[in-house]
Amino acid sequence: MGNEQSQLKGVEISKKAIQVTDYWSLYNGELPTANGAINSISIFQGETLVAGQFWTNQNPLERAIKNLKIYRHPYILRYHASWSKGSLKMLATERCRPLATCLNVTSDVQICLGLRNVLCALIFLLEQASVRHLSISISSIYVTDDGAWRLAGFEHLWRTVDFNLQLLEKSKPYRYPKAIDPAELAHKGQALEQYAFGVMCEEILHNKTDANIPSVDDFKAYCATHLKHTNPAMRPNLSAVLLHPIFNHDFILIHSFLTELPLKSVQAKQEFFLSLADRLRSFDPETVAEQMGALLLSRIVLLDTTAQLCVTPYVLRPKNDDLSPALFTPKIFAAYLLPKVRQVFCVQDAQIRLTLLEYFPAYVEFFSKEDLQEHILPQLLLGIKDTNDVLVAKTLLCLADLVPILGSAVVIGGNRSKIFADGRPQGIPDAGNPWSAVRSITPVIGSGEFLSGSPVPEAAGADNSESFTSVLMNPSSFNLILPERLSPEGEDIYQTNSDVELQVDEWSDWENDGTTERPNDQQQSVEANEPATGTETITTENDQTAASKPTNEPPAPALAKVAAAPLAGSIERLDIRAQPTKKSEQSEEFDFFKDMEPVIQRANVLLIDEETPSVNTPSEAETKLVKEEKRSLSVSHQGAEQDAEEEVPLVSSSRLEIKLDEMLEATEDGWGDEGQEEW
């Protein structure tokens, strides 16, 4: 960088110049970095030989390069590199443009800050570096992309030991005429910088009033009276000019403190950050964002512990309403702070990245999809590979916030398949809104409805406690309020009384949308067992014999009393609803499904009793079953027809009894010596 013969590799220079002077032409340039980013720079390009007696032995651009390499200050134009290209001399600096081209669109606050920057740079050169600047004017000031003013014109910078009247006289034709003290030769160039600075301030502030800039009228009078005093000895030092109220406005003080933050003590920084947010709210938010946005998101602020608690939350969280304590509206945040946030995301510092991830959900929606996909997503994917578990965990949370915006295929890749299905019992999924909340069958207290779609009765509220009690005591009214509860198959019949049986509805299938239609087999069994009377009955699945026998039904008042007792006693039985059975119009109803009723035969079980044989008395059904078996055997065996007509007793387990002695004899005969002799 410091070698004059070194050339920036890969630099691209625009063809159109933005400034042309007698000494050089100014171009915009772009310099690619190793990580793929692009640095914006400015290129000063000048001829080696320049006409003029004063520049016979030296080139003005070469002299400016030499001084910029020696004198460095935050408010002096930053030097990057220089090289020669044929007969041309090249100088690369930070991206800038001449103040004269943008002074008309510069805000009042920017003017105050800019004049203070130039004044601080002159104080450094004159009072600390012991050099003389002979060309202080608007043409020597450049403005960076963020609106900061930088001092240049270093081709007219001379060391104090080299300064003399001959040099002053020769340089006079090449300086700004209005900024030259008429009596500077007579006073041997004493305090000529104060005079030139006063003239420049008057030209910049000539149409400004106190309504725009505080104390501006007083400062213009100060420039005419003190800085341009005819007696150079009466002109104040530039460090004393810095004490004027125009440079000590609260906004100026905050900006200067943030700029000079590395020079401040720990205690001073703590006191400053504790009250910074409240002080910034008294200014225009757009002005604050434009002038201090980069400073509020600088590395030293993001790493400060006090600033992380008292400043950063109000900077990185845009306002969501008028009562929000945030400093910037979404529009201002997106215009001024979002580009800086995108730039800070490239900083590979764990604490800075954790701070950005902490407030990522608050500002992620303001990024465009292109910025998220090209800049933010690659940085987040890089973060999940870090060894810091906290950083990885917060990065994964931020990746989840990107899925609704970019889609899961972009965030995690396209190698996916549908694994989970929507098993909701009711309703149709909203295909247009894939991010709708997952429904649940659990009721939400106080919400007024079930998430599954079933309404909560109004009587459940605190204001309707009396009406809810009446519902519990009156099953018929409860039947009108509570809908049928959804449940898996089974558990559909409850036994409420051993003497009185009530019939309840079957729970619907999971695929039914709230309907209570019965399957064919269930409807068949209900209709087959339905009595002719209009009273209510209940049957169980296992008690098949009770369904075929007539029951003694109690009268209707007694039935209502018995049905109300379990409802009032246990809140868990509120999902049971009594449903009256339709009265049959005919005494005998023809069953169309009688022939379809399945016949289940009982299997024969042969029991072997090792100790005492027992004789089981055959029942009518068993006797009939044995007869059917014999009758089938008689068809296949023609010779046994007479046996089919006889009564066959029940097969006893004694017929299968095997005596132990016979088993022993069979064993001896089968495995005796005779078999061995045959071999």
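Predicted model, so just to flag it, every value in this text is computed and none were measured. (Residues numbered from 1 in each chain as written. Predicted model: local features only at pLDDT ≥ 70, side-chain atom pairs only at ≥ 80, totals over all residues. Heavy atoms only, no water.)

### So, the nonpolar core
Then, number 1: W149, F197, I204, F219, L258 and F328 are the most contacted members of the largest nonpolar core, which totals 118 residues.
Then, number 2: The leading source of residues in this core is helix 2 (residues 108–128), at 12 residues.
Then, number 3: One finds L8, I41, I43 and M90 within the second-largest nonpolar core, a separate group that totals 11 residues. (Core = buried A, V, L, I, M, F, W, Y, C linked by side-chain atoms within 4.5 Å. Buried < 20%, exposed > 50% of the residue type's maximum accessible area, 1.4 Å probe, protein only. Helix = DSSP H or I, 4+ residues; strand = E, 2+ residues; numbered from the N terminus.)

### Overview of the packing of helix 7 (residues 250–259) against helix 8 (residues 266–274)
Then, number 1: It is the contact of helix 7 with helix 8, at a shortest axis distance of 12 Å, that shows an interaxial angle of 135 degrees. With respect to helix 8, the axis of helix 7 lies oblique. Seen from above, helix 7 lies across helix 8 with left-handed handedness. Of helix 8, the residues touching helix 7 (which contributes I254, F257 and L258) are A268, K269, F272 and F273.
Then, number 2: Split into classes, the residues belonging to the contact of helix 7 with helix 8 amount to 6 nonpolar, no polar and 1 charged. (Axes fitted to C-alpha atoms, helices over the stretch in contact; angles between N-to-C directions. Parallel < 35°, antiparallel > 145°, perpendicular 65-115°, else oblique. Left-handed = near helix turned anticlockwise from the far one by under 90°. Contact = heavy atoms within 4.5 Å. Nonpolar A, V, L, I, M, F, W, Y, C, P; charged D, E, K, R; others polar.)

### Considering the pattern of salt bridges
Then, number 1: Within the structure shown, the criterion is met by 15 salt bridges.
Then, number 2: Across the pair D250 and R279 runs a salt bridge whose closest N-O atoms are separated by 2.6 Å. Of this pair, D250 sits in helix 7 while R279 sits in helix 9 (residues 276–280), and the two are 29 residues apart along the sequence.
Then, number 3: We classify D250 as partly exposed; its relative accessible area is 29%.
Then, number 4: Its salt-bridge partner being D371, residue R342 comes within 3.1 Å of it at the nearest N-O pair. Here the residue R342 occupies a position in helix 14 (residues 330–344), and D371 occupies one in helix 17 (residues 369–383), the gap between them amounting to 29 residues. (Salt bridge = Lys/Arg side-chain N within 4 Å of Asp/Glu carboxyl O.)

### Brief notes about the pairing of strand 6 (residues 88–94)
Then, number 1: Burial analysis of strand 6 places 7 of its 7 residues in the buried class, which makes it a mostly covered element.
Then, number 2: Two elements, strand 4 (residues 38–47) and strand 6, share 7 bridges in a ladder whose sense is antiparallel. Its bridge partner being in strand 6, Q45 is matched across the sheet by M90.
Then, number 3: Relative to strand 6, strand 5 (residues 79–85) runs antiparallel, the two sharing 6 bridges. Within the sheet, the bridge partner assigned to Y79 lies in strand 6 and is T93. (Pairing = 2+ DSSP bridges.)

### Examining the confidence of the model for the chain
Then, number 1: Taken residue by residue, the chain gives an average pLDDT of 74. The fraction at 70 or more is 62%.
Then, number 2: Low pLDDT, under 50, characterises residues 664–679; the stretch is placed with 0 contacts to residues that sit more than four places away or in other chains. (pLDDT = per-residue confidence, 0-100.)

### What to know about the packing of aromatic side chains
Then, number 1: In total, this model carries 13 aromatic pairs according to the counting rule given.
Then, number 2: For the ring pair F44 and Y142, a centre distance of 5.8 Å and an interplane angle of 85 degrees mean the geometry is edge-to-face. You can see F44 sitting in strand 4 and its partner Y142 sitting in strand 9 (residues 141–144), a full 98 residues away along the chain.
Then, number 3: When the centroid spacing of 5.1 Å and the interplanar angle of 85 degrees are considered together, the rings of F251 and F283 count as edge-to-face. Taken together, the residues F251 in helix 7 and F283 in the loop between helix 9 and helix 10 (285–296) connect sequence positions 32 residues apart. For the pair F251 and F283, a shared accessibility class is recorded, and that class is buried.
Then, number 4: We note R132 situated over the ring of F163; from NZ or CZ to the ring centre the distance is 4.7 Å. (Phe/Tyr/Trp six-rings, centres within 6.5 Å; stacked < 30°, edge-to-face > 60°. Lys NZ or Arg CZ within 6 Å of the ring centre and 35° of its normal.)

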